[in-house]
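A structural walkthrough
Chain by chain, the residues:
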Amino acid sequence: MSDVLGRFLAASTEFDQRLSSVRPEQWAAPTPCAEWNVRQLVNHLVRGNLNYVDLLAGGTREEFLRMRDVDALGDDPLTAYPASVRLVAVAFGRPGALDEVLDYPLGKVTGRQALAVRAADSTIHAWDLARALGGNDRLDPALVTWISEDLETIYAGLAESPVAAETTHRFFAAPGTPSESASGQDRLLRLLGRDPGWQPS
């Protein structure tokens, strides 16, 4: 297994562990992503995974954006997410998949870079979900370190980056300024547009 696929699976596990604790009344709860409640956040992850698989099969950026908010959870959101993770693992685990050039909405990228972006996104959204649910929000330190040290590489060449203040922030929240005394996780959250002290209103 490649390093980037292993990181994607680790990040997906972080998200799935929180997802498994969602109570029925929490699907409509707010999240740190102001435009999404819990169900919409989970749908973003599931639909995104499916869109990545479609890109690898020759899909276009236009199709990706058209499908971005289409419901992918149906009547069983708790199983829709792990099922989508398995599809990504199979698709990107095929020989040569990581070297293919994909028509990603933010620019042409290799499968390897696309999956790195997906792993980083899934990690941060695991924190979003944990905060929304009031659960354990401590992320895998290895993932935090990897994202923190490789931010520039993960998002290199994209038309929009979560760490570039001058972009439109259509896809990523605007970065904040972490304090010098902040933990590694809190520094990363600030850089990726999160308030580490966020609580549901």
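As a starting point, this report considers the structure included with it. (Residues numbered from 1 in each chain as written. Predicted model: local features only at pLDDT ≥ 70, side-chain atom pairs only at ≥ 80, totals over all residues. Heavy atoms only, no water.)

Thoughts on the nonpolar core
Ranked by size, the top nonpolar core spans 61 residues in total, and within it V38, F92 and Y104 carry the most contacts. It is helix 5 (residues 111-133) that contributes the most residues to this core, 12 residues altogether. Excluding anything up to four places from it in sequence, V38 contacts V22, Q26, W27, A29, T31, L129, A132 and L133. (Core = buried A, V, L, I, M, F, W, Y, C linked by side-chain atoms within 4.5 Å. Buried < 20%, exposed > 50% of the residue type's maximum accessible area, 1.4 Å probe, protein only. Helix = DSSP H or I, 4+ residues; strand = E, 2+ residues; numbered from the N terminus. Contact = heavy atoms within 4.5 Å.)

Some points on the packing of helix 6 (residues 141-154) against helix 7 (residues 184-191)
Their axes nearest at 10 Å, the elements helix 6 and helix 7 cross at an angle of 50°. Judged by the angle between their axes, helix 6 and helix 7 are oblique. Crossing handedness for the pair helix 6 and helix 7: left-handed. Facing V144, I147, S148 and L151 of helix 6, the residues of helix 7 in contact are G184, Q185, L188 and L191. By residue class, the composition of the contact of helix 6 with helix 7 is 5 nonpolar, 3 polar and no charged. (Axes fitted to C-alpha atoms, helices over the stretch in contact; angles between N-to-C directions. Parallel < 35°, antiparallel > 145°, perpendicular 65-115°, else oblique. Left-handed = near helix turned anticlockwise from the far one by under 90°. Nonpolar A, V, L, I, M, F, W, Y, C, P; charged D, E, K, R; others polar.)

Thoughts on the environment of D99
Its location among the elements puts D99 in the loop between helix 4 (77-92) and strand 1 (101-104). Sequence separation of D99 and R112 is 13 residues, and the distance between their C-alpha atoms is 6.4 Å. Leaving out residues up to four positions away in the same chain, D99 has contacts with T110 and R112. Here the side chain of D99 touches R112 through a polar contact of 3.0 Å, side chain to side chain. (Polar contact = N/O pair within 3.5 Å; in protein donor to acceptor, adjacent residues only side chain to side chain.)

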